[in-house]
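Given next are the chains, with one letter for each unit.
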Amino acid sequence: MLVAAAIMATAWALLMPPFQGPDESEHFAYVQHVAETGSAPSSTTFGGAGSHSSEQTFAMDALGLRMLMASPAARPLWNSIDQQRWREFEQEVTKRQRADGEGANPIAKNPPLYYAYEAIAYRAVPGDSLYDHLLASRFANIVLFLVAVACAWLAAAELTARVWVRTLTAAIVAVQPQLTSMAGIVNADTLLVTIWSAFTALALRTLVRGPSLARFAGLSALAAGSALTHGRGLALLPPLVVVLALACWRHRPALRAALRWSGASALVLAAGLILFRLFAAGGGSGGSLYGDQTNYIHQGGFGVGQFASHVWQFYLPKLPFLPTRVGPDYGFRQMFVETFFGSFGWLEVRFPARVYSGLRIAALLGLAGLLIAAWSRRRMLREQLHVVLGLVAICGSLLALLHLVSYLALLGSGDPLIVGRYALPLIVPFALAIAFVATSLPRRVGAYFGVLVVTVGIVLQLSGLLITVERFYV
Amino acid sequence: MSDRFPRRTAQAVVLCAAAVLLLAFFVELLPRLTRDQRGIASTPVPTGARNATTLPLEPGQRVCLDGVVVSPDSEVLQLMLDPAEPLPAPPLRVTVNGIGYDAAATVRADEHTLRVPLDPPDETLAAAVCVANRGRRTATLAATADPRVLQRTRATPYGGYPLAVAFQATFTEAEPRSMLGSLDTTAERAATFNALGPWALWLLLPLLGLGVPALLLGAYYLALRRPGGSDDDAGT
């Protein structure tokens, strides 16, 4: 399973031209600056060569990679003259020209955890070329993806001893085309997926087997890691509290032990907070981390009723008494179908519309199947209520943050600021839900259903790679 | 009850998946692989770029794009007229000049997409692509003011200074080809932008087409055959 996942992610890493993943140019610029200087670039102050190093800027302009971004009719400059010009530049490029991407880099609002990790891979490659460094960074990202696949297996293993169900859960994560494509580029979203997947697995272990010092500390470390990765990672803090509380409620540990574990948990979080403060104060973030996820807190015009109406209309048709929603007509289909299952590159590489229509029907049928399965197995779910609530807290927290930020963003601009890949940290609960439906069907039918889901994933994966190759190289 | 599936059931499940994969290959992937399309050789100023604008050409006026790379597969130059341009458009003289290379054609557009066949050079070279209006009324070219494009090339009127726009120009191959028929070209192009080279892409091809399905379905088969757990498991 992991070998198959690695092959698919490697294909994305090798076939996607440099900087053509969402915001990859800025993420790589951040990695390069950390690797070359040991410090983060500024998100607010202009310095050096700007948001990208001189080396990266030359590559983006001389090889047509900037012109290529989100421009479907454009092709990169693969001709021998431009490539020769690039090679000559690379032979002469200095360390300073790799290190001068001082900012302002909008991505530098992100905390440094992911970029510090990627910088290790960047530094580890023997070659000095930009392509070497970029590929090493992309490969390091693939490792994170493989960990997420393994975590899916571990999460399922907490809920069932049936090997085929664990395999199905991990396979669903491995073949999710949007996730695999993100694994093949440089983007902090993948670390967020990995951390959330590990958190889900450990949360299930804690809820099923009971709390312990290591589990409490581990969950807290993952929540802190999430917050040190991306603004969206803050959404893991509420589920942390819920999971710890549910574990104590269910397993009734001795008060003293519970207090000791909670203290350790708080210490781990405090360590994360200290790291956060150190970076925010001394780093290049201009003292303001996260950007989009926290800037909008100060957005005026918030109304609870309007927000509720906004969320309702995101998923369901407008009711006569509801006010007109804020922003464009953007909702379930765009987020949970089109950009969740596969919009590649800078979102301009897309499956044909009929594929999205089919996926939408499948998603709605799957949702209906989940509800029916939950109803038919309600007694078992009631017995495992703490597990269900833990998973609901994990999913609900991220979706609530995404909708809140999106709503606040729309109050000040026309950009809904919400795409399907932002929901990828929920990939393990998503896979568990499909596995739950599969195991709720008659035994044989469930096995067929499971393999059908995986097969559709393989087809989408290969189709996605094909349309990507067609878009960039034909 | 043990959750181990009988061998026949497990085989049937995997065979069913293989059949679905085969069907999807013939219905979805193969038509895309074998569909003929005119391959793009280069996009000096791509169509559909941001900051769309127009570039009017007065009768007798000529405008050029400098530093455009032309390669042996640049067999057709595709220009775009402003969609509001009345048709037929005035005749346009298109020339492509580089060191030791000249190509020219005069065309009269009946469509807004103008395809100009040219004799391509034997070797890749830098050239100037010029369009002159040979008609009696203004012809309006589709253009862009996208700074990402202007950073490389700009439209320059004859005897004038570079403008802050560039007219759209794309070189394509003359004969449509399928992706399957041009795999080597595609692999070479893709390999240009990664550190490993074409061999890695050729290796990926069988791994993706056969290895990934075999590994995943194989894993599923083995999992179905593995004893472990029962239908009464909690959770999933």
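Residues numbered from 1 in each chain as written. Chains lettered and ligands numbered in written order. Predicted model: local features only at pLDDT ≥ 70, side-chain atom pairs only at ≥ 80, totals over all residues.

Caption draft 1: Region of the structure containing the overall build of chain B. The secondary structure content of chain B amounts to 4 helices and 12 strands. Rg of the C-alpha trace for chain B: 27 Å, well past the compact-globule value of 18 Å for 236 residues, more than 25% over. Its C-alpha atoms put chain B at 90 × 35 × 30 Å along the principal axes. Considering chain B as a whole, with its 236 residues, one finds that 38% of them fall into the buried category. Taking all contacts inside chain B whose residues are at least 6 apart in sequence as the whole, residues at least 24 apart take part in 78%. (Helix = DSSP H or I, 4+ residues; strand = E, 2+ residues; numbered from the N terminus. Rg over C-alpha atoms; globule rule 2.2 N^0.38 Å. Buried ≥ 20, exposed ≤ 12 C-beta atoms within 10 Å, placed from the backbone. Contact = placed C-beta atoms within 7 Å.)

Caption draft 2: Here's a closer look at the overall build of chain A. Per the secondary structure count, chain A includes 22 helices and 2 strands. Compactness check: chain A gives a C-alpha radius of gyration of 23 Å against a globular reference of 23 Å for 474 residues, within 12% of the reference. Seen through its C-alpha atoms, chain A measures out along the principal axes to roughly 70 × 50 × 50 Å. Counting over 474 residues, chain A shows a buried share of 56%.

Caption draft 3: Quick peek at the UniProt feature "transmembrane region" (unreviewed entry) in chain B. Residues and elements named next belong to chain B. The positions that UniProt labels "transmembrane region" (unreviewed entry) are, in the present scheme, residues 12-30 and 199-223. Along residues 12-30 the backbone is 100% helical and 0% strand, and the end-to-end C-alpha distance reaches 25 Å. In the segment residues 199-223, helix accounts for 100% and strand for 0%; the C-alpha atoms at its two ends are 34 Å apart. (UniProt positions renumbered as here; feature names shortened; annotations may be inferred.)

Caption draft 4: Structural detail: the nonpolar core. Formed by 213 residues in total, the largest nonpolar core has its most connected members in Ala152 and Val173 of chain A together with Leu141, Phe167, Leu216 and Tyr220 of chain B. Broken down by element, the residue count for this core peaks at 18 residues, all from helix α8 (residues 130-159) of chain A. Residue assignment places this core across two domains, with domain 1 (40-172) and domain 2 (182-231) of chain B each supplying three or more. Among residues more than four places away in sequence, those in contact with tyrosine 220 of chain B are Trp164, Thr167, Ala171, Val451 and Val454 of chain A together with Val14 of chain B. (Core = buried A, V, L, I, M, F, W, Y, C linked by C-beta atoms within 7 Å. Domains from an automatic or database assignment.)

Caption draft 5: Looking closely at the sheet that holds strand β11 (residues 166-167) of chain B. All names here are of chain B. One open sheet accounts for 3 strands, arranged β2-β9-β11; its pairing is antiparallel. With partners counted over all chains shown, the strands left at the sheet margins are β2 (52-57) and β11, one partner each. Across 2 bridges, the pairing between strand β9 (residues 139-144) and β11 is antiparallel. Its bridge partner being in β11, alanine 143 is matched across the sheet by phenylalanine 167. (Pairing = 2+ DSSP bridges.)

Caption draft 6: Representation of the interface of chain A and chain B in the model. Contact with chain A, which involves 65 residues of that partner, is made by 60 residues of chain B. Secondary-structure elements contributing two or more residues to the side of chain A that touches chain B are α1 (2-15), α4 (65-68), α5 (80-92), α8, α9 (163-175), α21 (427-440) and α22 (443-473) of chain A. Top element by residues in the side of chain A that touches chain B is α22 of chain A. It accounts for 17 residues. In the side of chain A that touches chain B, the residues fall into 44 nonpolar, 12 polar and 9 charged. (Nonpolar A, V, L, I, M, F, W, Y, C, P; charged D, E, K, R; others polar.)

Caption draft 7: Spotlight on helix α3 (residues 183-191) of chain B. Residues of α3 of chain B that are buried: Thr186, Ala187, Arg189, Ala190 and Ala191 of chain B. Where α3 of chain B is buried, its residues touch α1 and α22 of chain A together with α4 (198-225) of chain B.

Caption draft 8: Examining unusual backbone geometry more closely. Residues and elements named next belong to chain A. Looking along the chain, the bond that leaves glycine 103 and enters alanine 104 is cis, with omega of 5°. Position of alanine 104 relative to the elements: it lies in the loop between α6 (95-99) and α7 (113-124). You will see that phenylalanine 19, though not glycine, has its phi angle at about 65°, which is positive. As for its position among the elements, phenylalanine 19 is in the loop between α1 and α2 (24-37). The class of phenylalanine 19 is buried, set by 27 C-beta atoms lying within 10 Å.

Caption draft 9: Focus on the sheet that holds strand β6 (residues 101-107) of chain B. All names here are of chain B. Spatial ordering of the open sheet is given by β6-β5-β8-β3-β10, a layout of 5 strands whose pairing is antiparallel. Two strands in the sheet have a free side with no partner beyond their single neighbour: β6 and β10 (155-157). With direction set aside, neighbouring strand axes in the sheet form an average angle of 20°. Here strand β5 (residues 92-98) runs beside strand β8 (residues 125-133); their pairing, made up of 7 bridges, is antiparallel. Paired with leucine 92 across the bridge in β8 is asparagine 133. (Axes fitted to C-alpha atoms, helices over the stretch in contact; angles between N-to-C directions.)

Caption draft 10: How the structure looks around the environment of glutamate 85 of chain B. Residues and elements named next belong to chain B. For glutamate 85, the location among the structural elements is in the loop between β4 (76-80) and β5. On a C-alpha basis, the gap between glutamate 85 and alanine 190 in space is 37 Å, while along the polypeptide they are 105 residues apart. Glutamate 85 has contacts with His112, Ala139 and Thr140, leaving out every residue within four places of it along the chain.

Caption draft 11: α21 of chain A, seen in detail. With 14 residues, α21 of chain A should reach 20 Å at 1.5 Å per residue; the first-to-last C-alpha distance of 20 Å fits that figure. Of all 14 residues that make up α21 of chain A, 14 are buried, and the element is covered over most of its length. (Expected span 1.5 Å × (residues − 1).)

Caption draft 12: A look at the confidence of the model for chain B. Summary statistics for chain B give a mean pLDDT of 92 and a share of 95% for residues scoring 70 or more. Reported confidence for the predicted complex is 0.93 by ipTM and 0.94 by pTM. (pLDDT = per-residue confidence, 0-100.)

Caption draft 13: Main features of the packing of helix α3 (residues 54-62) of chain A against α5 of chain A. All names here are of chain A. Where α3 contacts α5, the two axes come as close as 10 Å, and the packing angle between them is 170°. As summarised for this structure, α3 and α5 are arranged roughly antiparallel, according to the angle between their axes. From α3, Phe58, Ala59 and Ala62 reach across to α5, where they touch Asp82, Arg85, Trp86 and Phe89. Here the contact of α3 with α5 is composed, by residue class, of 5 nonpolar, no polar and 2 charged. (Parallel < 35°, antiparallel > 145°, perpendicular 65-115°, else oblique.)

Caption draft 14: View of the environment of aspartate 122 of chain B. By the element assignment, aspartate 122 of chain B lies in the loop between β7 (113-117) and β8. Taking the C-alpha atoms as reference points, aspartate 122 of chain B and aspartate 73 of chain B, separated by 49 residues in sequence, lie 9.1 Å from one another.

Caption draft 15: Inspection of the domain arrangement of chain B at higher detail. Here chain B is described as being made up of domain 1 (40-172) and domain 2 (182-231). On a C-alpha basis, the centroid separation for the pair domain 1 of chain B and domain 2 of chain B is 42 Å.

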